[in-house]
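# Geometric and topological summary
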Amino acid sequence: MLGLMQSQPLLISSLIEFAERHHGDAEIVSRRVEGDIHRYSWRDVALRSRQVAHALDGLNLLFSDRVATLAWNGYRHLELYFGVSGSGRVLHTINPRLHPEQIAWIANHAEDQVLCFDATFLPLVQAIHAKCPTIRQYVMLCEAGKLPQDSGIPHLVAYEDWIGGQPVSYEWPSFDENSASSMCYTSGTTGNPKAALYSHRSTLLHAYAAALPDVMALSARDAVLPVVPMFHVNAWGIPYSAALTGCKLVFPGPALDGKSVYELIEAEKVSYAAGVPTVWQMLLGHMAPNQLRFSTLKRTVIGGSACPPAMIHAFREQYGVEVLHAWGMTEMSPLGTLCTLKNKHLALPPEEQMKIRLKQGRAIFGVDMRIVGGDGRELPWDGKTSGDLHVKGPWIVREYFRGEGGDPLVDGWFPTGDVATIDPDGYVQITDRSKDVIKSGGEWISSIDIENVAMAHPAVAMAACIGMKHPKWDERPILAVVRRPGAEVTREELIRFYDGKAAKWQVPDDVVFVDAIPLGATGKMLKTRLREMLKDYRLPTA
Ligand code: ADP
């Protein structure tokens, strides 16, 4: 017997219709590429996303055709989120920090038909357009009539000209909720990038889940600043969850430095912000020497790579901001776990609570997980035994776009490539990426643990721990360190700093001072590149 409830498909267009009807006057504020501040409301987003849909129809784009973006977080990008997916096309957000060759490769692989880009990326588009034969319309996200002279880019139109004359009413089509809505390529530190292809259903389920109280806890009372880029896993789904809750959105545009982000948080009374640790590092780096405080910021989600304990402490103790440590990946839309306490933890002393907060958190409903050993057998949730973390659920990939890389699943589970422990309460602690784990004398050393200790040293701006070949121990850890400007610290001091903080055999054998640690396109440390940089390095202990 079937249930007798209405079977309305879960579609992205319903999000923007809801936001318009119920939160039409809630504000959307954007710092533009031009540097000024733009403000309007969810009602305007809805109206202009319908104009986008008309403009796409005008190009005779088919259902599921790909429309690419190379854009910062801003209101026009938001209109494309709803106009492209809502009208049945697939929004392909491209990470502009990738190498131009790789961007061209991705655009061809996705067979993008349209490319919408911020003025910042004009030189990039000029460099690649000849290599992108499938793109038949280029749209620069700028005012009407503001196109550059002789750009050399064929079929180029200004966004405001493109949507300007279009009707403001549009009948959003209804279709199967399993249809593709958007796609995102993984940064591909090895081999060619592969794309996660999200559906309307997966996006809406993820949007519901992300807004839950023990997840991002978004509400119509929040002013939300997604510093995490809209070109990286849909800014962790915040644009969708924001439409569903009707919160105010604040977009930082291209200005991600500490000063600009701080000023925006204060000026727009941001209550909630989300981003990767490197961005918060810049923000705290600006605030401390200038003795600045937050007047409205209450919570921040930090994820994408391990959040150093020192950062969680700084936010909580010095600034009164709650840090929600989150873990996920492109293949998971991206949210997998988020760290909030349970009722029984509230009575614990602060140090005990902090131990929990430092973990990556517990699974969100919709994400099943297990840890397995090398023999494929499931391991216990005892908070000590670590194994490969596998996940499954309705917003986790089943297969990559165009079957790239073959079947990724193992017995129906997606192997995340992360190594983790899970404690009896279900809190996950990521100890490493499987390729970054250091194997010393048959034991595993978590590079994250070693980095976290170093990051608590006042002279350390950034630290990366990698394994180096060793004749006796197989591998031994070394630490690459970037010193804070003007700070002094020696190799010996740093090694002594590990006393009592790590087991003797886990302490790095050496410290190498570097000017910078290479970062990938999503702001994460690129250890593959670091290993190349240090290829001539020899361990003093080897
Ligand atoms: P890419 O794999 O292309 O770098 P993702 O953003 O999908 O891009 O990265 C997902 C990976 O980032 C995870 O598999 C994990 O290794 C790492 N990661 C994400 N969040 C955390 C976190 N809170 N702590 C530790 N590692 C994290």
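What counts as what
Residues numbered from 1 in each chain as written. Predicted model: local features only at pLDDT ≥ 70, side-chain atom pairs only at ≥ 80, totals over all residues. Heavy atoms only, no water. Helix = DSSP H or I, 4+ residues; strand = E, 2+ residues; numbered from the N terminus. Buried < 20%, exposed > 50% of the residue type's maximum accessible area, 1.4 Å probe, protein only. Contact = heavy atoms within 4.5 Å. Areas by Shrake-Rupley, 256 points an atom, 1.4 Å probe, with all protein chains shown as cover. Lys, Arg positive; Asp, Glu negative; His and termini not counted. Charge placed at Lys NZ, Arg CZ, Asp CG, Glu CD. Pairing = 2+ DSSP bridges. Axes fitted to C-alpha atoms, helices over the stretch in contact; angles between N-to-C directions. Expected span 1.5 Å × (residues − 1). Domains from an automatic or database assignment. Right-handed = clockwise from strand over helix to strand, strands pointing away. Core = buried A, V, L, I, M, F, W, Y, C linked by side-chain atoms within 4.5 Å. UniProt positions renumbered as here; feature names shortened; annotations may be inferred. Phe/Tyr/Trp six-rings, centres within 6.5 Å; stacked < 30°, edge-to-face > 60°. Parallel < 35°, antiparallel > 145°, perpendicular 65-115°, else oblique. Left-handed = near helix turned anticlockwise from the far one by under 90°.

## A few points about the overall build of the chain
Looking only at helices and strands, the chain has 16 helices and 25 strands in total. Here the C-alpha coordinates of the chain stretch approximately 70 × 65 × 50 Å along the principal axes. Counting the 542 residues in the chain, one finds 59% classified as buried. When contacts within the chain are restricted to residue pairs at least 6 apart in sequence, those whose partners lie at least 24 apart make up 66%. With an accessible surface of roughly 22,800 Å², the chain has 52% of that area assigned to carbon and sulfur atoms. Between the mean site of the 54 positive side-chain charges and the mean site of the 60 negative ones, the chain shows a separation of 3 Å.

## Re the sheet that holds strand 8 (residues 180–185)
Strand order across the open sheet formed by seven strands is 7-6-5-3-4-8-9, with mixed pairing between neighbours. Strands at the two margins of the open sheet, each flanked by one partner only, are strand 7 (156–158) and strand 9 (195–199). Each neighbouring strand pair of the sheet contributes to a mean axis angle of 25 degrees, computed without reference to strand direction. Direction of pairing for strand 5 (residues 112–117) relative to strand 6 (residues 137–140): parallel, over a ladder of four bridges. Residue pairing for strand 6: V114 is matched across the bridge by Q137. Lying on the sheet, helix 3 (residues 75–86) is in contact with strand 3 (66–70), strand 4 (90–93), strand 5 and strand 8; it crosses strand 4 at an angle near 145 degrees. Here helix 4 (residues 100–110) sits on the sheet and contacts strand 3, strand 4, strand 5 and strand 8; the angle it forms with strand 8, its principal contact strand, is near 150 degrees.

## Describing helix 11 (residues 277–290)
Each turn of an α-helix holds 3.6 residues, which means side chains three or four residues apart point in the same direction. The first and last C-alpha atoms of helix 11 sit 20 Å apart over 14 residues, in line with the 20 Å expected at 1.5 Å per residue. Those residues of helix 11 not exposed but buried are P277, V279, W280, L283, L284, H286 and M287. Along its buried surface, helix 11 packs onto helix 10 (258–267), strand 12 (272–275), strand 13 (299–302) and helix 12 (309–319). Q291 sits one or two residues past helix 11 and shows a positive phi near 50 degrees.

## Thoughts on the domain arrangement of the chain
Domain annotation for the chain reports domain 1 (9–26 + 33–206), domain 2 (256–434) and domain 3 (436–533). For domain 1 versus domain 3, the separation of C-alpha centres amounts to 40 Å.

## Quick look at the pairing of strand 13
Of the two faces of strand 13, the one carrying R299 and V301 and the one carrying T300 and I302 are both buried. Following the backbone out of strand 12, through helix 11 and into the adjacent parallel strand 13, one traces a crossover that is right-handed. Taken together, the four bridges between strand 13 and strand 14 (residues 322–328) define a ladder with parallel strand orientation. Bridge assignment links T300 to a residue of strand 14, and that residue is V323.

## Side note on the nonpolar core
Ranked by size, the top nonpolar core spans 115 residues in total, and within it W42, F82, W162, M216, W280 and F294 carry the most contacts. Ranked by residues supplied to this core, first place goes to helix 2 (residues 42–58) with seven residues. When residues are assigned to domains, this core turns out to be shared by domain 1 (9–26 + 33–206) and domain 2 (256–434), each giving three or more. One finds L98, F117, F121 and V125 within the second-largest nonpolar core, a separate group that totals 33 residues.

## With respect to the UniProt feature "domain: AMP-binding enzyme C-terminal" (unreviewed entry) in the chain
UniProt annotation of "domain: AMP-binding enzyme C-terminal" (unreviewed entry) refers to residues 450–524 when read in the numbering used here. In this annotation, residues 450–524 is assigned 16% helix and 33% strand; the end-to-end C-alpha distance for the span is 17 Å.

## Some points on unusual backbone geometry
Residues other than glycine predominantly adopt negative phi, and peptide bonds predominantly adopt the trans conformation. Residue P334 is bonded to the preceding S333 through a cis peptide linkage, with omega at 5 degrees. With respect to the helices and strands, the residue P334 is situated in the loop between strand 14 and strand 15 (335–338). Of note, V233 is a non-glycine position whose phi angle comes to about 45 degrees, a positive value. The exposure class assigned to V233 is buried, which follows from its relative accessible area of 1%. Here D411, not a glycine, exhibits a phi torsion of approximately 50 degrees, which is positive.

## Comments concerning the packing of aromatic side chains
For any two aromatic rings, the description comes down to two numbers: the centre-to-centre distance and the angle of the planes. Summed over the entire model, instances satisfying the criterion amount to 13 aromatic pairs. For the pair F82 and Y240, a centre-to-centre distance of 6.2 Å together with 85 degrees between the ring planes defines the contact as edge-to-face. Of the two residues, F82 sits in helix 3 while Y240 sits in helix 9 (residues 238–245), which places them 158 residues apart along the sequence. Of the residues examined, F82 reaches a relative accessible area of 0% and is grouped as buried. Residue Y240 is classed as buried on the basis of its relative accessible area of 1%. Centre to centre, the rings of F294 and F315 are 6.4 Å apart; their planes meet at 10 degrees, and the pair counts as stacked. Of this pair, F294 sits in the loop between helix 11 and strand 13 while F315 is found in helix 12, placing the two residues 21 residues apart along the sequence. Each member of the pair, F294 as well as F315, is classed as buried.

## Some details on the packing of helix 1 (residues 12–23) against helix 9
Following both chains from N to C, one finds helix 1 and helix 9 inclined at 40 degrees, their axes separated by 7 Å at the closest point. With respect to their mutual orientation, helix 1 and helix 9 come out oblique. Note that helix 1 runs across helix 9; the crossing there is left-handed. Between helix 1, through I12, L15, F18, A19 and H23, and helix 9, the contact on the second element is made entirely by Y240, A243, L244 and T245.

## A look at the pairing of strand 3
The buried fraction of strand 3 is high, at five of five residues. Residues R66, A68 and L70 of strand 3 are buried on one face, and the alternating residues V67 and T69, pointing to the opposite face, are buried as well. For the segment spanning strand 3, helix 3 and strand 4, crossover handedness is right-handed. Both strand 3 and strand 5 contribute to a ladder of five bridges, which runs parallel. Paired with R66 across the bridge in strand 5 is D112.

## Some points on the environment of A273
Of note, A273 is situated in strand 12. The spacing of A273 and R299 is 26 residues in sequence and 6.7 Å in space, taken between C-alpha atoms. Residue contacts for A273: discarding those within four places in its chain leaves L225, W280, L297, R299, T300 and V301.

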